[in-house]
Amino acid sequence: MNKMFLYSLPLLWLLTACGEHQPLESQPAAQQKPATSQSHAINKAESQAAIAQMEPDFLYLAALNALRDGNREMAIELLTALIKKDPGAAEPHLQLVSLLMQSGRIDEAEQHIATLLSGTSLSDEERQQLQLAQYRIYIARGDTAMTLEKLEGFLHNHPDNDSARSMQATIFASQGQIDKALASVAAGIRIKESSTLRMLEAQLLVRKGDLTNARISLMRMRKLMPDNDAATLILSDLASKSNNRDEAEKLLQDFLLEHPADMKVTHALARLLIEEKRLTEAILIYRNAAAHSGNSPEALRPLGMLYFQHGDYKLAEQTFRQLLEMQPDDNNRYYLAASLEALEQFDEAQSQYEKIRPDTEMGLQAQIRLAAMDIHRDHMDQAEVRLLSILKQRPNELDAHLLLSSIRLSKNQFRQLLDETEALLELQQKLPPQLLFNRAVAFEHFKDYARVESTLNRVLAHNPKYADALNFLGYTFAEQGIQLDRAKELILRALQEKPDDGYYLDSLAWVYYKLGDFGLAVSTQEKAIQQIANDTIMHEHYGDMLWQAGRSDAARQAWHKALELNSDHPKELEHKIKHGLQSGK
């Protein structure tokens, strides 16, 4: 095999900024597993012996394979062995320097740089790369003054080096010297046009607030690199921030006409459309991206999410099932299960949720959904067991508390609900409005109207259109016979959100009743009963209204209907049927 051919393969990692990658955690096996230190030492010795037997060309291939597998430490070991056998192998040596810097092994990288620079076999380009790598080490150690001094001399000798120019400008910018950074970039551009420097120039101009010239730089970059999406994305963002959303959208759409598989631009355009609640168009954008990218998971996943958000659960299910076949991970399984749940295919949804490892974040969310399905199927005890298990591990898991509070309401465990959720009020995060609403229902059971009002006002402070809270607060005032005008206003606001809600109409009718407008109360309550015909309280209210409107026979029929619907206070209804309402009731 030809050694020179192997060494001339493209560098997998170019010399990049030190610290750009986090160092891999690498500890000797003797620290990790003391009991196996002897066997590890034997294995390591055998490995080193095997490496020592390998020829340089095979060491290089093995290093490339290690990099492909993500084993950076093995690649370093192999390249180190190669360089010992072939000290003049410049390109592998450059790769070793890059890997050492990426691994945070700065001192070792610096030693290799010094060794390489002292040699005579380097090309001018390789020597420049190593000098710049050395400057990045200075930056990593916080010596920007030394770096700037070295860069000044470097640029005097190599004024057309974009990497050096960018490094210098970036240091100036980090010191707040934007004009000096722009001057450095402009000097480089005068020598030769450069898409790299044009992009940096645009970023600096944006930071300075000079958006007009930033756009000019970006347009020039687009001409230099028409297939690069970076300039289009920034131009679109600038247009959007200037409230020119039509221009922002057109820039992205025009780019996608020529580059339909570009996912960065696809995501940006979809975000813009979603912000404007144009979900159908966003779905079409991702469909097009999927078609042109060979059904890339990067296109299919947001497409599935949009289908779900749009209520197209069947298409969401099909999309996530396809994704799960391509990438059988917990995220895709979870969203497949959620789609199946929305389609009320509960058995398969449960099966998919249960396959997700419970000790993961997605596993916890899956357990919450399983509890929700238990509640839907009236398996309250099973749901309670699941939720208590979750809360034992995560005491502040709000979704679990929300579901558990619903179970407490269904079992009339009002005191337990309040006790279990009291500590959540001290959390810094926003609580789910339904959780606070459930607490208000519990307070209402104890006739603690002051805390009902304060809790519902807390809901409405963050969610002023939360219809259930508006209605409940208005009904609470009506029950007490206080603030009736405000009660009416609150319930009318709730009806703006849900115009035909029978319970809200019942509340409004009750306000009219308390105000003494019995005719309007009766007509409103009739509309409520048309929406909900089997609610015992609503028929009792209807009877009370009819009685006060002077229609005693119809009132007794309404009270009889409430009795038939299993009222929880039959004796009071029987008294009304026999004696009617007392004056003032």
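Our subject is the structure that appears above.
These lines cover the structure that appears in this document, whether it is placed above or below. (Residues numbered from 1 in each chain as written. Predicted model: local features only at pLDDT ≥ 70, side-chain atom pairs only at ≥ 80, totals over all residues. Heavy atoms only, no water.)

This paragraph deals with the nonpolar core. By size, the foremost hydrophobic cluster in this structure holds 57 residues, and its most contacted members are Leu456, Ala469 and Met545. When sequence neighbours within four positions are dropped, the list of residues in contact with Ala469 reads Phe437, Leu456, Val459 and Leu460. (Core = buried A, V, L, I, M, F, W, Y, C linked by side-chain atoms within 4.5 Å. Buried < 20%, exposed > 50% of the residue type's maximum accessible area, 1.4 Å probe, protein only. Contact = heavy atoms within 4.5 Å.)

Okay, the packing of helix H18 (residues 297–310) against helix H19 (residues 313–326) next. Close contact between H18 and H19 brings their axes to 8 Å; oriented N to C, the two are set at 155°. When the axis of H18 is compared with that of H19, the two are roughly antiparallel. You can see that H18 and H19 cross each other, and the crossing is left-handed. Note on element contacts: H19 touches H18 through Tyr313, Leu315, Ala316, Thr319, Phe320, Gln322, Leu323 and Met326, opposite Pro297, Leu300, Arg301, Gly304, Met305, Tyr307 and Phe308. For the contact of H18 with H19, the residue count by class is eleven nonpolar, three polar and one charged. (Axes fitted to C-alpha atoms, helices over the stretch in contact; angles between N-to-C directions. Helix = DSSP H or I, 4+ residues; strand = E, 2+ residues; numbered from the N terminus. Parallel < 35°, antiparallel > 145°, perpendicular 65-115°, else oblique. Left-handed = near helix turned anticlockwise from the far one by under 90°. Nonpolar A, V, L, I, M, F, W, Y, C, P; charged D, E, K, R; others polar.)

Attention now goes to the environment of Leu269. Note that Leu269 resides in helix H16 (residues 263–275). Linking Leu269 and Ser236, residues 33 residues apart in sequence, is a C-alpha distance of 9.2 Å.

Our focus in this paragraph is the packing of aromatic side chains. Under the criterion given, the structure shown has eleven aromatic pairs. Here Phe437 and Tyr466 contribute two aromatic rings whose centre-to-centre distance is 6.4 Å and whose plane-to-plane angle is 40°, an arrangement assigned as tilted. With Phe437 in helix H26 (residues 433–445) and Tyr466 in the loop between helix H27 (449–462) and helix H28 (467–480), this pair connects stretches of sequence that are 29 residues apart. In this structure Tyr466 comes out as buried when scored by relative accessible area, which is 17%. Against the face of Phe446 rests Arg415, its NZ or CZ located 4.7 Å from the ring centre. (Phe/Tyr/Trp six-rings, centres within 6.5 Å; stacked < 30°, edge-to-face > 60°. Lys NZ or Arg CZ within 6 Å of the ring centre and 35° of its normal.)

Quick look at the environment of His575 now. Looking at the secondary structure, you find His575 in helix H34 (residues 570–579). Once the C-alpha coordinates of His575 and Ser174 are considered, the two residues, 401 residues apart in sequence, prove to be 83 Å apart.

By volume, the largest pocket amounts to about 1400 Å³. Along the walls of the largest pocket sit 35 residues, with Glu444, Tyr475, Glu479, Ile537 and His541 positioned nearest its centre. Of all the secondary-structure elements, those providing two or more residues to the lining of the largest pocket are H26, H28, helix H30 (502–515), helix H32 (536–548) and H34. Examining the composition of the lining of the largest pocket, we find that seven residues originate from one element, H30, more than from any other. (1 Å grid on protein atoms, 1.4 Å probe; cavity = no way out; pocket = protein on both sides within 12 Å on 5 of 7 lines; lining within 4 Å. Points joined across faces, edges and corners; volume = space filled by probe spheres on them.)

Here Thr266 shows up in helix H16. Owing to a relative accessible area of 1%, Thr266 belongs among the buried residues under this scheme. A distance of 2.7 Å separates a polar side-chain atom of Thr266 from the backbone oxygen of Asp262. Discounting residues that sit within four places of it in the chain, Thr266 has contacts with Leu256, Pro260, Ile285, Tyr286 and Ala289. (Polar contact = N/O pair within 3.5 Å; in protein donor to acceptor, adjacent residues only side chain to side chain.)

Okay, the pattern of salt bridges next. Applying the stated criterion across every chain yields a total of 34 salt bridges. We note a salt bridge from Arg105 to Glu108, for which the minimum N-O separation is 2.9 Å. Judged by its relative accessible area of 26%, Arg105 falls in the partly exposed class. Close ionic contact of Arg141 with Glu110 constitutes a salt bridge, the shortest N to O distance being 2.7 Å. A residue pair is termed long-range when its members are at least 10 positions apart, and Arg141 in the loop between helix H8 (124–140) and helix H9 (144–157) and Glu110 in helix H7 (residues 106–117) qualify at 31 residues. Judged by relative accessible area, which is 22%, Glu110 ranks as partly exposed. Put simply, Arg245, Glu249, Glu275, Glu276, Arg278 and Glu281 are held in one network by salt bridges that share partners. (Salt bridge = Lys/Arg side-chain N within 4 Å of Asp/Glu carboxyl O.)

Positive phi outside glycine occurs at Asn295, with the angle close to 55°. Position of Asn295 relative to the elements: it lies in the loop between helix H17 (279–292) and H18. Note on Asn295: relative accessible area 32%, which makes it partly exposed. The backbone of Glu344 shows a phi angle near 60°, a positive value even though the residue is not glycine. Within the secondary structure, Glu344 is located in the loop between helix H20 (330–342) and helix H21 (346–354).

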